[in-house]
Amino acid sequence: MTQNAIAGALAGIGEHSIMYPVDSIRTRMQVLSVPKLTTAIKDTSTKQLKKYSGNLWRGVYSVIIGAGPAHAVHFATYEFSYNTKLQLPNKNTIELPSHLIASAAAGAIATFSHDFLMTPFDVLKQRMQLQDSTYRSVRDCAKKVYMSEGLKAFYISFPTTLSMSIPFQSVQFATYEYCRSKMSHSGEYSPEIHMVAGAIAGTVASSITTPLDVIKTLLQTRGSSTDLTIRSAKGFRDAARIIYGRYGIPGFFRGYRPRILTNMPSTAISWSVYEYFKWFLVSDKSNH
């Protein structure tokens, strides 16, 4: 589990850091006041906002700090859950009915632990990614959000995040394991297979869960909005009603392309880095 945790931490940092600018564009597009991709990228005209808005890397330290421990717990829990059989009180063993159900269930279990650790950092990240954000640092953002909105601001999106992440991770893990098993029956370490399987898994999972991601973004950035209706949103239902009322069904797919462009390579990177360090740590241990 220690090896899985180390590999998972390195994978998480690599996944979130490398594709961070595209993720910033996705966040800006999902904010209801930003109508177009070009508007999400370009600088604003005022000098104060121009200093911050053109930097698509703002807030990256929040995911570096959060992604390490969150992904360490995530992958370690996944491997433990996937490789552990369910035990009845009489100690009889129940075999899960299929390879895919096992990987999906393990992914769902791992997701809860990951999201509990990662959600506050994700809130800080998205607040700093906004085009009109003037937070000077992650610490400054955390302090001001806490002082103005309280602790609940860091977890208001947690139920929505779980409702998105559990199907996302379940689909991702199941798709990854399926693709990997089809491309390599031996299950040996193969960078090309892990990269391709990860990319496919990220694309499928992010496509399915984009509407929930839009709702999550609205809730996590509501405190920075000047729109009183958005600021008063208290949860999933309120956010969904606002999005549908203003943009209809297409509103739930705002930022769809940047989300795919973020998750496809980032998931490929995550699985590749994870599988590499897992292989490296095991082989290094065997050599000693």
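Look up: the structure comes first, before these words.
The sections below set out a description of the structure shown in this document. (Residues numbered from 1 in each chain as written. Predicted model: local features only at pLDDT ≥ 70, side-chain atom pairs only at ≥ 80, totals over all residues. Heavy atoms only, no water.)

Section: the nonpolar core
In terms of nonpolar packing, the biggest core is built from 13 residues, with Phe75, Tyr78, Phe173, Tyr176, Trp271 and Tyr274 touching the most fellow members. When residues of this core are traced back to their parent elements, those giving at least two are helix H1 (2-18), helix H5 (60-83), helix H6 (99-129), helix H8 (158-183), helix H9 (191-221) and helix H12 (256-287). Considering every element that reaches this core, the biggest residue donor is H8, with 3 residues. Within the second largest apolar cluster, 11 residues are counted, among which are Val214, Leu219, Ile242 and Ile243. (Core = buried A, V, L, I, M, F, W, Y, C linked by side-chain atoms within 4.5 Å. Buried < 20%, exposed > 50% of the residue type's maximum accessible area, 1.4 Å probe, protein only. Helix = DSSP H or I, 4+ residues; strand = E, 2+ residues; numbered from the N terminus.)

A closer look at the environment of Thr77
Here Thr77 is to be found in helix H5. Sequence spacing of Thr77 and Met1 is 76 residues, and the spatial spacing of their C-alpha atoms is 8.1 Å. Contact partners of Thr77, with chain neighbours within four places excluded, come to Ile109, Ala110 and Ser113. (Contact = heavy atoms within 4.5 Å.)

Concerning empty space enclosed by the protein
Within the structure shown, the criterion is met by 1 cavity of 30 Å³ or more. Considered as a void within the structure, the largest cavity measures approximately 560 Å³ in volume. Lining of the largest cavity is provided by 32 residues; of these, Glu15, His16, His114, Phe168 and Asn263 occupy positions nearest its centre. The set of elements that each furnish at least two residues to the lining of the largest cavity consists of H1, helix H2 (20-30), H5, H6, H8, H9 and H12. (1 Å grid on protein atoms, 1.4 Å probe; cavity = no way out; pocket = protein on both sides within 12 Å on 5 of 7 lines; lining within 4 Å. Points joined across faces, edges and corners; volume = space filled by probe spheres on them.)

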